[in-house]
Amino acid sequence: MPRPVHVLHIITQMVRGTGASHVAEYMVSGLSPDRFRASIAHGVAGSHLSDYHLSPAEHVEVFTIPDLARPIAPHRDLRALGQLRRLIRETRPDIVHTHSSKAGVLGRLAAYREGVPLIVHHVHGWSFHPRHSSVKKRGFVAFERYLAKRSDGLLFVGRPDIEKGRAHHIGRESMYYTVRAGVDLARFVPRTPQSVAEGREILDIPDDAFLIGTVGRLSPQKAPHDFIAVARRIADELPNARFAWIGHGIMRDEVRDAIDAAGLTDRFALPGARDDVERIYPAFDMFLITSLWEGLPRTIVESLATGVPVVASAVDGSCEIVRDGENGLLFPPGQTDAGAEAVLRMATDDAMRDDMAAAGPATAKDFEMGKSIADLEGVYDDLLDKRRFSGRDGRVRLQDTDEVLDDARAERPPGAYERWGQRAVDICVCLVSAPLALLLVGLGALLVRISSPGPAIFRQERVGKDERPFTIYKLRTMKHSDDSVIRPPEENDSRVTPAGRLLRQLRFDELPQLVNVLKGDMSIIGPRPERPGLYQRYLAMMPMYSWRKRVRPGLTGWAQIHHTHSSDAEAAFENLQYDLYYVINKSFWLDLSVLLATIPVMLAREGRS
């Protein structure tokens, strides 16, 4: 039986009341323990926040990262990065799954640097939002693009964030997956006289009051001042209206002062964060959320599951849950007069309120926790199957299909470097190196003629780009033979001359191929050119072998610096995985890295013997 896949979730803070914390806890605990071994790493909550007590299943390990915190602090962030890297080295996860902005940055950088096979980030709302200046927003977008290139999957709780990601060109389309912030619907009981009475007793709210409530952090994102502004206008219109905000946060004292200033002290309940919100929802006659931005607010789902109608600011994920006029009402964010009018409209229309309350549970079913966990496991399976060219080991796994490879190639169409840039570089390198190359080839040819009879230059047919045959030129390194049957080289082949062995180790025997580069048959960097017979043999064994011929063969290449050259089928199989990576990810920078890696190999005389 294969070992379970180890998934390490990383989140900035496990703070009560935050959607990211909720998703991280329940998705960690809910993963099938026979298939996944889950663990979670989180920072320490700030002093203004209640500690979030994890209650994961027994199979979940929990790690604390002391310096992982929400505020940007370079020295502390560098320490947190080091702590995460050490944790990853010690636990060796197969998948790192990050949540929230800071953990998404540090967690992905640590995972990438430590070579984690699969890196996934869950977008609970982008790091940039409408309140940022244009300069700050551009900076955040650029950083999100950078991190996406070091990720294998981007998970979204709602469609609005997907559209934002597409609009800002963050990551590839194939990286996008929807995994909603699921809710354990079994926890939430419908509104009945008994459940309503129990909730109001907890909040100390009169039975005859019309209670408008919300659940969430007291933070700028949730716009509590807008909630208070709406409440102040409603209080003038509905004498029996009462209000409640369930949650804690950095604005708690500021919100208390604003409530007092609005003259709502006796009509506003502010009990702080609670673990039993499912007992409080039935007490609400209406749920009001005034957020300025949201990923996908599960509190709306929880309210609808209870049968409480919703009035919400029309932001991001809220619009994905609330269908205006069907299961709730929407108003423009920040426009408190419009919000108050929506609340009054619903509060004074019993039939509308009853219809929307009845529609709520059906909407909530689309966000059930079990479905979210199943979706997440499906994403893991899909990414593990692909695994592909983002792989930290520089290989494309051969379980990938041609369709997958075609999709990957289509996502990154040929750029200027592939169209004409590489050819220009090839010609320049040949011209610049020509004087030294001619000298070395001349000396090598003299050495070949002195060491054994026969021509100094060896010619042989090879398969080039698009399977076009061409004649390759090399310094002869084997004894000359008139035998028409060409046998592949073997280890310690007796046919290799002493001079030929030296030329092979120095790779000087390849220098005449610069003529092939000038003619356009080859490039400086690319897969090795194969003999027609071997090419057909490997093609029959590995149909994707033809992908090597989508680019020109090269003097050196990605496979050559990572693996070995051999006519053995097993070695060819390994080399093909590196060649496919090169074909998919071909770029100037990848070619430069190959060229720089080839130089020490030559200097160390680690060429073919």
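Engineer: Tell me what's going on with the overall build of the protein, and back it up with residues and numbers.
Structural biologist: The number of helices and strands found in the protein is 22 helices and 17 strands. Burial analysis of the protein (609 residues in total) assigns 54% to the buried set. Put simply, 70% of the contacts in the protein that link residues at least 6 apart link residues at least 24 apart. Roughly 27200 Å² of accessible area belongs to the protein as shown, and the carbon and sulfur atoms make up 54% of that amount.

Engineer: An account of the sheet that holds strand β12 (residues 310-313) is needed here, citing residue identities and associated values.
Structural biologist: Across the sheet, 6 strands lie side by side as β10-β9-β8-β11-β12-β13; this open sheet has parallel pairing. Looking at the sheet topology across the chains shown, the edges are occupied by β10 (268-272) and β13 (328-331). With direction set aside, neighbouring strand axes in the sheet form an average angle of 20 degrees. Here helix α12 (residues 336-347) sits on the sheet in contact with β8 (210-215), β11 (286-289), β12 and β13, set at roughly 165 degrees to β13.

Engineer: Break down helix α10 (residues 298-306) for me, citing the residues and quoting the values.
Structural biologist: Three or four residues apart is the spacing at which side chains of an α-helix point the same way, because the helix has 3.6 residues per turn. Of all 9 residues that make up α10, 9 are buried, and the element is covered over most of its length. Arg 298, Thr 299, Ile 300, Val 301, Glu 302, Ser 303, Leu 304, Ala 305 and Thr 306 are the residues of α10 that are buried.

Engineer: Please provide a residue-by-residue account of the sheet that holds strand β4 (residues 95-99), values included.
Structural biologist: Hydrogen bonding along the main chain pairs the strands of a sheet, whether they run parallel or antiparallel. Spatially, 7 strands are ordered β3-β2-β1-β4-β5-β6-β7 in an open sheet, and the strand pairing comes out parallel. Each having just a single partner strand, β3 (61-64) and β7 (176-178) make up the two edges of the open sheet. Neighbour to neighbour, the strand axes of the sheet diverge by 25 degrees on average, direction disregarded. Of the strands in this sheet, β1 (5-13), β2 (36-43), β3 and β4 are in contact with helix α2 (residues 74-91), which crosses β1 at around 165 degrees. Packing of helix α5 (residues 159-167) onto the sheet brings it into contact with β5 (118-123), β6 (153-156) and β7, and relative to β7 it is tilted by some 170 degrees.

Engineer: Describe a negative patch on the surface, and please don't skip the residues or the numbers.
Structural biologist: Together, Asp 253, Glu 254, Asp 257 and Asp 260 line one region of the surface with negative charge. Secondary-structure assignment places Asp 257 in helix α8 (residues 252-261).

Engineer: I'd like to hear about the nonpolar core, residue by residue, with values.
Structural biologist: Counting 34 residues, the largest nonpolar core has Ile 234, Phe 243, Phe 268 and Val 311 as its most contacted members. Apart from residues lying up to four places away in sequence, Phe 268 is in contact with Phe 227, Ile 228, Phe 243, Ala 244, Trp 245 and Ile 259. Listed in part, the 33 residues of the second largest apolar core include Ile 472, Leu 534, Leu 576 and Tyr 578.

Engineer: Please give an account of the packing of aromatic side chains that cites residues and values.
Structural biologist: Enumeration according to the criterion identifies 16 aromatic pairs in this entry. Both rings, one in Tyr 535 and one in Tyr 545, keep their centres 5.9 Å apart while their planes meet at 45 degrees; by these two values the pair is tilted. One end of the pair, Tyr 535, is in helix α19 (residues 532-541); the other, Tyr 545, is in the loop between α19 and β17 (554-556), with 10 residues separating them in the sequence. Of the two residues, Tyr 535 and Tyr 545, both sit in the buried class.

Engineer: Give a description of the side chain of Thr 91 that names residues and reports values.
Structural biologist: Looking at the element boundaries, Thr 91 is found in helix α2. At a separation of 2.8 Å, a polar atom in the side chain of Thr 91 contacts the main-chain carbonyl oxygen of Leu 87. Beyond its immediate sequence surroundings of up to four residues, Thr 91 is in contact with His 6, Leu 8, Arg 37 and Phe 63.

Engineer: I'd like a description of helix α7 (residues 224-237), backed by residues and values.
Structural biologist: With 14 residues, α7 extends 20 Å from end C-alpha to end C-alpha; this agrees with the ideal 20 Å at 1.5 Å per step. Considered for burial, the residues of α7 that qualify are Pro 224, Asp 226, Phe 227, Ile 228, Val 230, Ala 231, Ile 234 and Ala 235. Elements in contact with the buried residues of α7: β8, β9 (241-246), α8, β10, β11 and α12.

Engineer: If you had to explain the pairing of β8 to someone new, which residues and values would you point to?
Structural biologist: Taking burial as the measure, the 6 residues of β8 include 6 buried ones, the bulk of the element. Residues of β8 alternate between two faces, with Phe 210, Ile 212 and Thr 214 on one and Leu 211, Gly 213 and Val 215 on the opposite face, all of them buried. In this structure, β8 lies alongside β9, joined through 6 bridges in parallel fashion. Residue pairing in the sheet places Ile 212 in a bridge with Phe 243 of β9. On the question of chirality, the crossover connecting β8 to the parallel β9 by way of α7 is right-handed. In this sheet, β11 lies alongside β8 in parallel orientation, the contact comprising 2 bridges. Looking at β11, one finds that Gly 213 is bridged to Phe 287.

Rules used in this analysis
- Residues numbered from 1 in each chain as written.
- Predicted model: local features only at pLDDT ≥ 70, side-chain atom pairs only at ≥ 80, totals over all residues.
- Heavy atoms only, no water.
- Helix = DSSP H or I, 4+ residues; strand = E, 2+ residues; numbered from the N terminus.
- Buried < 20%, exposed > 50% of the residue type's maximum accessible area, 1.4 Å probe, protein only.
- Contact = heavy atoms within 4.5 Å.
- Areas by Shrake-Rupley, 256 points an atom, 1.4 Å probe, with all protein chains shown as cover.
- Pairing = 2+ DSSP bridges.
- Axes fitted to C-alpha atoms, helices over the stretch in contact; angles between N-to-C directions.
- Patch = residues over 30% accessible without salt bridge, like charges linked within 9 Å, V, L, I, M, F, W, Y side chains within 5 Å.
- Salt bridge = Lys/Arg side-chain N within 4 Å of Asp/Glu carboxyl O.
- Lys, Arg positive; Asp, Glu negative; His and termini not counted.
- Charge placed at Lys NZ, Arg CZ, Asp CG, Glu CD.
- Core = buried A, V, L, I, M, F, W, Y, C linked by side-chain atoms within 4.5 Å.
- Phe/Tyr/Trp six-rings, centres within 6.5 Å; stacked < 30°, edge-to-face > 60°.
- Polar contact = N/O pair within 3.5 Å; in protein donor to acceptor, adjacent residues only side chain to side chain.
- Expected span 1.5 Å × (residues − 1).
- Right-handed = clockwise from strand over helix to strand, strands pointing away.

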